[in-house]
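# An overview of the molecular structure
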Amino acid sequence: MKLKDIGEFGFIDRVKTLCQITKKGIIKAIGDDCAVYKGGGEDKAILFTTDMLVENVHFLLDRITPFELGYKTLAVNLSDIAAMGGKPLNAFLSIAVPERITVKFLDELYAGIMSLGRRYHVNVLGGDTTGSKNDLVLNIALTGEAKESSLLYRGGAQAGDKIYVNGYLGESAAGLEVLIKDVDLDETVKKYLVKTHLLPEVYIAEGAFLAETGDVTSCIDVSDGISSDLGHICRESGCGALLYEKDLPVSDELKVFAETTKKKPLDIILSGGEDYKLLFTVRNNKSDALEKIFQNKFGRPLFCLGEIMTGKDIFLRNRGGEERPIKASGWDHF
Ligand code: ADP
Ligand code: MG
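Rules and cut-offs
- Residues numbered from 1 in each chain as written.
- Chains lettered and ligands numbered in written order.
- Predicted model: local features only at pLDDT ≥ 70, side-chain atom pairs only at ≥ 80, totals over all residues.
- Heavy atoms only, no water.
- Domains from an automatic or database assignment.
- Contact = heavy atoms within 4.5 Å.
- Buried area = accessible area lost by both parts, 1.4 Å probe.
- Salt bridge = Lys/Arg side-chain N within 4 Å of Asp/Glu carboxyl O.
- Polar contact = N/O pair within 3.5 Å; in protein donor to acceptor, adjacent residues only side chain to side chain.
- Helix = DSSP H or I, 4+ residues; strand = E, 2+ residues; numbered from the N terminus.
- Buried < 20%, exposed > 50% of the residue type's maximum accessible area, 1.4 Å probe, protein only.
- Near = heavy atom within 4 Å.
- Areas by Shrake-Rupley, 256 points an atom, 1.4 Å probe, with all protein chains shown as cover.
- Nonpolar A, V, L, I, M, F, W, Y, C, P; charged D, E, K, R; others polar.
- Pairing = 2+ DSSP bridges.
- Axes fitted to C-alpha atoms, helices over the stretch in contact; angles between N-to-C directions.
- Patch = residues over 30% accessible without salt bridge, like charges linked within 9 Å, V, L, I, M, F, W, Y side chains within 5 Å.
- Donors = N, O, S within 2.8 Å, 3.2 Å for Na, K, Ca; no water.
- 1 Å grid on protein atoms, 1.4 Å probe; cavity = no way out; pocket = protein on both sides within 12 Å on 5 of 7 lines; lining within 4 Å.
- Points joined across faces, edges and corners; volume = space filled by probe spheres on them.
- Core = buried A, V, L, I, M, F, W, Y, C linked by side-chain atoms within 4.5 Å.

## What to know about the domain arrangement of the protein
Assigned domains within the protein: domain 1 (25–150) and domain 2 (162–326). Just the C-alpha atoms count here: the centres of domain 1 and domain 2 sit 23 Å apart. Counting residues at the interface gives 24 residues for domain 1, matched by 21 residues for domain 2. Roughly 1900 Å² of surface becomes buried between domain 1 and domain 2 when both sides are summed, with 57% attributable to carbon and sulfur atoms. Joining domain 1 to domain 2, the criterion identifies 2 salt bridges. The salt bridge partner of Glu-274 is Lys-72, with a shortest N-O separation of 3.4 Å. The tally of links between domain 1 and domain 2 comes to 6 residue pairs in polar contact (both at pLDDT 80 or more).

Here's what the structure looks like:
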């Protein structure tokens, strides 16, 4: 049997049962954006997450600067802390470096990491350095902290909850295509899309705020595309979902990109990865108030794109009112 026969998530499910020796102090093991364990005092929890970026899988060295690569390696880890409503603490950076990589490159890589580290008061406290025969590999492990009672998990959504995202979707996937193909687009639009792909924003304050409201029932960061990431919420929560095509947040830039490349914004949004927005569910009777407070506090809107249903499937209601089931079509490494 090959990994592609069971897929990335099938593999994670398979090892899940083998990995845990003791339950002592563990609040959340494999299966969420971070692992959570007790620590730091009354109602305090420690978060732990790790994410790896591999050359020619996650990035192409002739399409990203070392600074951007450093920034992005920390950003994708910070995003998992944000998705749990936590505050980041300290990072460890391990690198496998092929011979062709220069010291100047690594200096700039660290400058990129620390530019974001400085913003969120994250130190790099250690790591590991090894050689690599071919590709550059970067791995960050990041700790965080949160109030145990207000943590956000993937599980917790209930039928009737509204589904929200805190920004536009699909732009990073469009940015990637602009980076690797010759897309005939206005330079400003190109720059904007490429930036969302290379330097994704991180939503630590937003995640912490959502956790504090007590009205957010589940949360995940969108790393693999919403069809896949909403699938994780549904699976962990034991529910289904209905998305409204008319309410999916499509930016003007994505519309222009979709027209030029003759693609449907819908397809890009459902399966395009690396948006790193927060996808979350809110108790139905609290959603209007939350939308207003969020807009006032952060100066940006929340987008309500559907609702949680009973069952286990995800449906899409098109503009004509017809509903069809959608499959997880997001990123799976295998
Ligand atoms: P994310 O996209 O939020 O980083 P992943 O889909 O990578 O989450 O991982 C889902 C869960 O599976 C997490 O709890 C993660 O720690 C765990 N996981 C991923 N790969 C492995 C592995 N090789 N061994 C054990 N646990 C893993
Ligand atoms: Mg995640």
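## Concerning the pattern of salt bridges
In total, this model carries 18 salt bridges according to the counting rule given. Note that Asp-13 and Lys-16 form a salt bridge whose closest N and O atoms lie 4.0 Å from each other. With a gap of 3 residues between them, Asp-13 and Lys-16 both fall in helix α1 (residues 3–19), about one helical turn apart. On the accessibility criterion, Lys-16 (31% relative accessible area) is partly exposed. The residue Arg-300 makes a salt bridge to Glu-201 at a minimum N-O spacing of 3.1 Å. Of the two residues, Arg-300 sits in the loop between α10 (287–298) and β11 (303–309) while Glu-201 sits in the loop between α5 (187–198) and α6 (204–213), which places them 99 residues apart along the sequence. By relative accessible area, Arg-300 is classed as partly exposed at 34%.

## Quick word on the site of ligand 1
What surrounds ligand 1 is the set Phe-9, Phe-11, Ile-12, Ile-30, Gly-31, Asp-32, Asp-33, Asp-51, Asp-80, Arg-154 and Ser-223. Contact between ligand 1 and Arg-154: an oxygen atom at 3.1 Å from a side-chain N or O atom of the residue. Protein chains bury 66% of the 560 Å² of accessible surface belonging to ligand 1 in isolation. Per-element accounting of the shell around ligand 1 gives the leading share, 3 residues, to α1. For the shell around ligand 1, the class distribution of residues is 4 nonpolar, 2 polar and 5 charged.

## Notes on the sheet that holds strand β5 (residues 123–131)
The strand order across the open sheet formed by 6 strands is β1-β2-β3-β6-β4-β5, and the pairing between neighbours is mixed. In this open sheet, the two strands that pair with only one neighbour each are β1 (26–28) and β5. For this sheet, the mean angle separating the axes of adjacent strands, direction not counted, is 20°. In the sheet, strand β4 (residues 87–97) pairs with strand β6 (residues 137–147) via 8 bridges, with the strands oriented antiparallel. Of the residues in β6, the one forming a bridge with Ala-96 is Val-137. Taken strand by strand, helix α2 (residues 66–83) contacts β3 (44–54), β4 and β6, and its axis lies near 145° from that of β3.

## Re a nonpolar patch on the surface
On the surface, a cluster of nonpolar side chains totalling about 610 Å² of accessible area is made up of Met-1, Leu-3, Ile-6, Phe-11, Ile-12, Ile-30 and Phe-334. Inspection of the secondary structure assignment puts Ile-6 in helix α1.

## Some remarks on the coordination of the magnesium ion (ligand 2)
The coordination sphere of the magnesium ion (ligand 2) contains the protein donors Asp-33 (OD), Asp-80 (OD) and Asp-221 (OD), at a distance range of 2.0 to 2.1 Å. Mapping the donors of the magnesium ion (ligand 2) onto the primary sequence gives the spacing D-x46-D-x140-D. Residue Asp-80 is located in helix α2, and its partner Asp-221 is located in strand β8 (residues 216–221); the two are separated by 141 residues in the primary sequence. With respect to burial, Asp-80 and Asp-221 carry one shared label: buried.

## Observations regarding the side chain of Thr-49
The residue Thr-49 is located in strand β3 in this model. Looking at Thr-49, its side chain comes within polar contact range of the main-chain oxygen of Asp-33, at 3.2 Å. Contacts of Thr-49, omitting those with residues within four sequence positions, involve Asp-33, Cys-34, Asn-77, Asp-80, Ile-81, Ile-140, Ala-141 and Leu-142.

## Digging into the layout of surface pockets
Of the pockets and cavities examined, the second largest pocket occupies roughly 480 Å³. Lining of the second largest pocket is provided by 18 residues; of these, Ser-227, Gly-231, Arg-235, Lys-312 and Ala-328 occupy positions nearest its centre. Mapped onto the lining of the second largest pocket, the elements with two or more residues apiece are α1, α7 (226–237) and β13 (323–326). No other element matches the 6 residues that α7 contributes to the lining of the second largest pocket. Of the residues assigned to the lining of the second largest pocket, the class counts are 7 nonpolar, 6 polar and 5 charged.

## Focus: the nonpolar core
Ranked by internal contacts, the top residues of the largest apolar core, which has 89 residues, are Leu-243 and Phe-280. Among the elements that line this core, the one with the most residues is α2, at 9 residues. Both domains that meet at this core, namely domain 1 (25–150) and domain 2 (162–326), each give it at least three residues. Setting aside residues up to four positions removed in sequence, Leu-243 forms contacts with Ile-163, Ile-226, Leu-230, Leu-270, Leu-305, Gly-306, Ile-314, Phe-315, Leu-316, Arg-317 and Ile-326.

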